[in-house]
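Spelled out from the first residue to the last, the chains are:
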Amino acid sequence: MPECLICKTYYEPFVNFGKMPIANGFLFEKDFNKEYFYDLKVGYCSNCHMVQLVDQPEREKMFNENYAFFSGTSKNMAIHFRDFAEGVINDYLPSKNAFVVEIGSNDGIMLQNFALRGIKHLGIEPSKNVAEVAVKKGINTISEFFDKDLSKKIVEEYGKADVFLAANVMCHIPYQHSVIDGINELLMPGGVVIFEDPYLGNIIKNTIYDQIYDEHVFLFSALSIKNLFDKHGMEIIDLQAQETHGGSMRYYIARKGMRKISPKVKYYLEKEIEMGLNAPEIYEKFRMECEVYRDKLVGLIKDIRKNGKRIVGYAATSKSTTIINYCGLNSNDIQFISDTTPIKQGKFSPGAHIPVKPYEEFKNNYPDYALLFAYNHSNEIMQKEKEFMNAGGKWIVYVPEIMVK
Ligand code: SAH
Ligand code: TMP
Ligand code: ZN
């Protein structure tokens, strides 16, 4: 039986999605025979409430100089991080001399807002290609994996931080105790940790199983985060639900007793217990719902193809890797996937090897149906694609329900 990455308790996996490739591992045909696969299995630890992957590929297989996800590809995410940064500046930065550290800073989508105001900042971004984009924008960035050892070096070189930020990266890191020891090393006594990740409550409620892939080794809840930081003398002081990535949660954490605790903390902890996130039954139900969702989506796509209609995937997202491979879809079902990211274009999707083509291929020859893999950018995309819809084009969506619209 696998052992919990947080508390070492043994647990049983509740779902097995089968063999999966690296979710962001878009590849050339010449590399098909070298493609890496692992078993995507998820479990719930009833001792500390952490939902986690049983096996995660080693970090260099996912985060390296060919990392395919550039945060800046979405305008709405840029606005989201501008607002995030403004909130931090207004509420948590003590003075102009403050120091902000962000891990998983990617192309600088968040830190650019601090850099513009001349605020001392440092980004930690191990994937060299995306880190380089940030450096070119004038954002101080080091290309390393954050952990306890690195934090000691940061303190020596730059001093202690007032705020520690992380968006969509804490849930990527299996060695949480080393990360939080590092945070404790790095943070001023009254400093605050603010991070956000896809939220277990939304994933379970809307069967958003595509949030489950190699990078997301944890699916956090307030319950699991409370337990985790409690072991390090820290506590949740506030929580804020976010609409990003199909539903995320932002956690505000400080050393115990240093900051006032918002009533929202109690509210969410109680809500999670009411929902049953602290009991194995809900995870069994989730597994069955994943199967229902898969069969429904596959049925819909096969029907459309039987009628001779053309389907193109819209956006080669990392999370589409789980959907495509779990549903057993291939290039007979989806002709190609259109994506605006140059590094993905001309390559093939992980596992199923569906061609990824530039956006223009979609734009210049509309399909009958577009399968929306980037539902988290739905507002932005619907705005942009009025012409496709006016031309009679239809969307296949699968969050929160499977439907054609
Ligand atoms: N914060 C951005 C990027 C999220 S993608 C956003 O929300 O859009 C996750 C990023 O975390 C990747 O760029 C990856 O290279 C980085 N990362 C992975 N492990 C890390 C670690 N141990 N320390 C710092 N960054 C890490
Ligand atoms: P994400 O869902 O993980 O944020 O990934 C977004 C992907 O979607 C990225 O590869 C870029 C692509 N994309 C498009 O192709 N067109 C768009 O309009 C948007 C918003 C994203
Ligand atoms: Zn545990």
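Residues numbered from 1 in each chain as written. Chains lettered and ligands numbered in written order. Predicted model: local features only at pLDDT ≥ 70, side-chain atom pairs only at ≥ 80, totals over all residues. Heavy atoms only, no water.

**Q** I tried to follow the site of ligand 2 on my own but got confused; where do I start?
**A** Surveying the vicinity of ligand 2 reveals 17 residues, the closest of which are K319, D339, K344, H377 and K384. In the model, an oxygen atom of ligand 2 is placed 2.5 Å from a nitrogen or oxygen of the K319 side chain. With respect to ligand 2, the side chain of N376 contributes an N or O atom lying 3.0 Å from an oxygen atom. When the free accessible area of ligand 2 is taken as 490 Å², the share hidden by the protein chains comes to 96%. (Near = heavy atom within 4 Å. Polar contact = N/O pair within 3.5 Å; in protein donor to acceptor, adjacent residues only side chain to side chain. Areas by Shrake-Rupley, 256 points an atom, 1.4 Å probe, with all protein chains shown as cover.)

**Q** What's the story with the site of ligand 1 in this structure? I'm lost.
**A** The local shell around ligand 1 holds 20 residues, among which S71, G104, E125, S127 and N168 are the closest. Separating an oxygen atom of ligand 1 from a side-chain N or O atom of N106 is a distance of 3.1 Å. At 3.0 Å, a backbone N or O of F146 approaches a nitrogen atom of ligand 1. Among the residues forming the shell around ligand 1, the class breakdown is 13 nonpolar, 6 polar and 1 charged. (Nonpolar A, V, L, I, M, F, W, Y, C, P; charged D, E, K, R; others polar.)

**Q** Please explain the coordination of the zinc ion (ligand 3) as it appears in this structure.
**A** The zinc ion (ligand 3) binds to the protein through C4 (SG), C7 (SG), C45 (SG) and C48 (SG); the donor distances cover 2.3 Å. Considering all 4 donor atoms around the zinc ion (ligand 3), the spread of angles at the metal, 100 to 117 degrees, places the coordination shape in the tetrahedral class. (Donors = N, O, S within 2.8 Å, 3.2 Å for Na, K, Ca; no water. Tetrahedral: all angles 85-135°; square planar, octahedral: opposite > 155°, others 65-115°.)

**Q** Is there a simple way to explain the side chain of K319 in this structure?
**A** As for its placement among the helices and strands, K319 is situated in the loop between strand 12 (311–314) and helix 11 (320–326). For the buried K319, which has no salt bridge, the nearest side chain bearing the opposite charge is D210, at an N-O separation of 5.7 Å. Leave out the neighbours within four places in its chain, and K319 touches D210, Q211, Y213, F373, Y375 and N376. (Helix = DSSP H or I, 4+ residues; strand = E, 2+ residues; numbered from the N terminus. Buried < 20%, exposed > 50% of the residue type's maximum accessible area, 1.4 Å probe, protein only. Lys, Arg positive; Asp, Glu negative; His and termini not counted. Salt bridge = Lys/Arg side-chain N within 4 Å of Asp/Glu carboxyl O. Contact = heavy atoms within 4.5 Å.)

**Q** Help me understand the environment of V217 in this model?
**A** Within the element layout of this structure, V217 appears in the loop between helix 7 (200–205) and strand 9 (218–219). Between the C-alpha atom of V217 and that of L5, which follows or precedes it by 212 residues, the distance is 9.6 Å. Setting aside anything within four residues of it in sequence, one finds V217 in contact with L5, V51, Q52, L53, Q56, C171, H172, I173 and P174.

**Q** Hey, could you run me through the side chain of Q176 in this one?
**A** Locating Q176 in the fold gives a position in helix 6 (residues 176–186). Sequence-distant contacts of Q176, that is, excluding residues within four places in its chain, are made with I6, M170, F218, F220 and L228.

**Q** Would you take a moment to explain the packing of helix 8 (residues 222–230) against helix 9 (residues 263–275) for this structure?
**A** Axis angle and axis distance: for two packed helices, these are the angle between their axes and the distance between the axes, and together they describe the pair. Here helix 8 crosses helix 9 at 120 degrees, and the two axes come no closer than 9 Å. Relative to helix 9, the element helix 8 lies oblique. Along its contact with helix 8, which presents A222, L223 and K226, the element helix 9 presents Y268, L269, E272 and I273. Taken together, the residues of the contact of helix 8 with helix 9 break down into 5 nonpolar, no polar and 2 charged. (Axes fitted to C-alpha atoms, helices over the stretch in contact; angles between N-to-C directions. Parallel < 35°, antiparallel > 145°, perpendicular 65-115°, else oblique.)

**Q** Quick question: what am I supposed to make of the pattern of salt bridges here?
**A** Opposite charge on two side chains allows them to pair when their charged atoms are near. Per the counting criterion, the structure on display carries 16 salt bridges. Two residues, E284 and R287, come together in a salt bridge whose shortest N-O distance is 2.9 Å. You can see E284 and its partner R287 sitting in helix 10 (residues 281–306), 3 residues apart, about one turn around the helix. Residue classification places R287 among the partly exposed positions, given a relative accessible area of 24%. Three or more residues joined by partner-sharing salt bridges are found here, namely K30, D31 and K34.

**Q** What exactly am I supposed to notice about the sheet that holds strand 11 (residues 248–255) here?
**A** Across a sheet, strands are paired by hydrogen bonds formed along the backbone, either parallel or antiparallel in direction. Reading across from one edge, 6-5-4-7-8-11-10 is the order of the 7 strands in this open sheet, with mixed pairing throughout. The open sheet has two edge strands with one neighbour each: strand 6 (141–142) and strand 10 (234–242). Across 6 bridges, strand 7 (residues 161–167) lies against strand 8 (residues 187–198) in parallel orientation. Of the residues in strand 8, the one forming a bridge with A166 is F195. Here helix 6 sits on the sheet in contact with strand 4 (99–103), strand 7, strand 8, strand 10 and strand 11, set at roughly 145 degrees to strand 8. (Pairing = 2+ DSSP bridges.)

**Q** Would you take a moment to explain the packing of helix 5 (residues 148–158) against helix 6 for this structure?
**A** At a minimum axis distance of 7 Å, the contact between helix 5 and helix 6 shows a crossing angle of 15 degrees. Relative to helix 6, the element helix 5 lies roughly parallel. You can see that helix 5 and helix 6 cross each other, and the crossing is right-handed. On helix 6, the residues touching K148, S151, K152, I154 and V155 of helix 5 are S178, D181, G182, E185 and L186. Among the residues making up the contact of helix 5 with helix 6, the classes are represented as 3 nonpolar, 3 polar and 4 charged. (Left-handed = near helix turned anticlockwise from the far one by under 90°.)

**Q** Would you explain the pairing of strand 4 in this entry?
**A** For a regular strand, the rule is simple: side chains alternate between the two faces of the sheet. When you tally the buried positions in strand 4, you get 5 out of 5 residues, the bulk of the element. Along strand 4, one buried face is formed by F99, V101 and I103 and the opposite face, lined by V100 and E102, is buried too. Summarising the sheet, strand 4 and strand 7 pair through 4 bridges and their orientation is parallel. Within strand 7, the position partnered with V101 by the bridge is F164.

**Q** Sorry, what's going on with helix 8 here?
**A** Quick reminder: α-helices carry 3.6 residues per turn. Residues three or four places apart thus point the same way. Among the residues of helix 8, those classed as buried are A222, L223, S224, I225, L228 and F229. Turning to helix 8, the residues buried within the fold contact helix 6, strand 8, strand 10, strand 11 and helix 9.

**Q** Help me out: how do you make sense of the packing of aromatic side chains in this one?
**A** Here the distance between the centres and the angle between the planes together describe a pair of aromatic rings. Evaluation of the coordinates by the stated rule reveals 27 aromatic pairs. For the pair F17 and Y209, a centre-to-centre distance of 5.8 Å together with 15 degrees between the ring planes defines the contact as stacked. Of this pair, F17 sits in strand 1 (residues 13–21) while Y209 sits in the loop between helix 7 and strand 9, placing them 192 residues apart in sequence. Taking the relative accessible area as the measure of exposure, F17 reaches 6% and is therefore buried. Arranged with centres 5.7 Å apart and planes meeting at 20 degrees, the rings of F218 and F220 form a pair that is stacked. In this structure, F218 and F220 share a single accessibility class: buried. Every member of this aromatic cluster is reached through a ring pair, and the members are Y314, Y359, F362, Y366, F388 and W395. (Phe/Tyr/Trp six-rings, centres within 6.5 Å; stacked < 30°, edge-to-face > 60°.)

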